[in-house]
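# Structural features, examined
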Amino acid sequence: MVAKVDADEILAEARYRAGIAALLAFLFILLTAAVTAYGYRQRQANLYQDLYHSEQKQRQAQEEFRTTLYSIGDAVITTDTEGLVKHINPVAEQLTGWRLEDAMGKPVEEIFRAFHEETCEPLENPLTVAIRRARSIKSVRPMLLIRRDGNELYVESTAAPIRDGGGRTAGGVLVFHDVSESR
């Protein structure tokens, strides 16, 4: 008796097992890709959420700074390290005659023009001196401030460098008030 087995019959089981193995491998790759994509999406969502919260905190800190700056009863001008105006509060706007929008980016010497009260000689800007010396400067006597419109008033001032977290000078702040009535 001769038994004849066809090659298709012999390989049918091997093909079936290979197909199952390929299907399982494909499903495993698909599952791995889905898990990776989900993990990436979650990571991105967490990063965006952290960024949003960080930005909210920064906005809140800026608003707190602005509220404090605008609530101070004295005139305040802040600059960068080159002496270019970054902010002025409403009292400084009133005393200098410059609006914030017009003053921003201009040299502080142009906004705060100070002269000796008796000789009317131009004085070096106290904020420029404070930044250069890296220490606070308080005016010893009143100085004459020439407003944007040419009117004059007497002011006393204090200038100080602004330091960053590393102790480096990051700008300056000039605080002054009108003493014309007492003069």
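Everything quoted here is computed from the prediction, not taken from an experiment. All residue numbers refer to position in the chain's written sequence, counted from 1. Local features are withheld for residues below a pLDDT of 70 in this predicted model, meaning they are given only at 70 or higher, and side-chain atom pairs are given and counted only at 80 or more; totals for whole chains, interfaces and linings count all residues. Excluded from the side-chain calculations are hydrogens and water; all other atoms, namely the structure's heavy atoms, are used.

## Regarding a nonpolar patch on the surface
Patch definition: residues above 30% relative accessible area lacking any salt bridge, with like charges linked at up to 9 Å and the nonpolar side chains Val, Leu, Ile, Met, Phe, Trp and Tyr linked at up to 5 Å. All accessibility values rest on the Shrake-Rupley procedure with a 1.4 Å probe; residue burial counts only the protein chains present in the view. By salt bridge we mean one thing: a side-chain nitrogen of Lys or Arg within 4 Å of a carboxyl oxygen of Asp or Glu. Taken together, Tyr-16, Ile-20, Leu-23, Leu-24, Phe-26, Leu-27 and Leu-30 make up a surface patch of nonpolar side chains, about 720 Å² in accessible area. To qualify as a helix, a DSSP run of H or I must reach at least 4 residues; to qualify as a strand, a run of E must reach at least 2; elements of each kind are numbered from the N terminus. Tracing the chain through its elements places Leu-27 in helix H1 (residues 7-71). We call a residue buried when its accessible area falls under 20% of the maximum for its residue type, exposed when it is over 50%, and partly exposed in between, using a 1.4 Å probe and counting protein chains only. The exposure class assigned to Leu-27 is partly exposed, which follows from its relative accessible area of 43%.

## Some details on the pattern of salt bridges
Two side chains bearing opposite charge may form a pair once their charged atoms approach each other closely. Under the definition given, this model contains 8 salt bridges. Taking the shortest distance from any N to any O, the salt bridge between Asp-102 and Arg-148 comes out at 3.2 Å. Here the residue Asp-102 occupies a position in helix H3 (residues 100-103), and Arg-148 occupies one in the loop between strand E5 (143-146) and strand E6 (152-163), the gap between them amounting to 46 residues. Between Glu-117 and Arg-141 there is a salt bridge; the shortest N-O distance is 3.6 Å. Pair noted here: Glu-117 is in the loop between strand E3 (113-116) and helix H5 (126-133) and Arg-141 is in the loop between strand E4 (137-138) and E5, with a separation of 24 residues, a long-range link.

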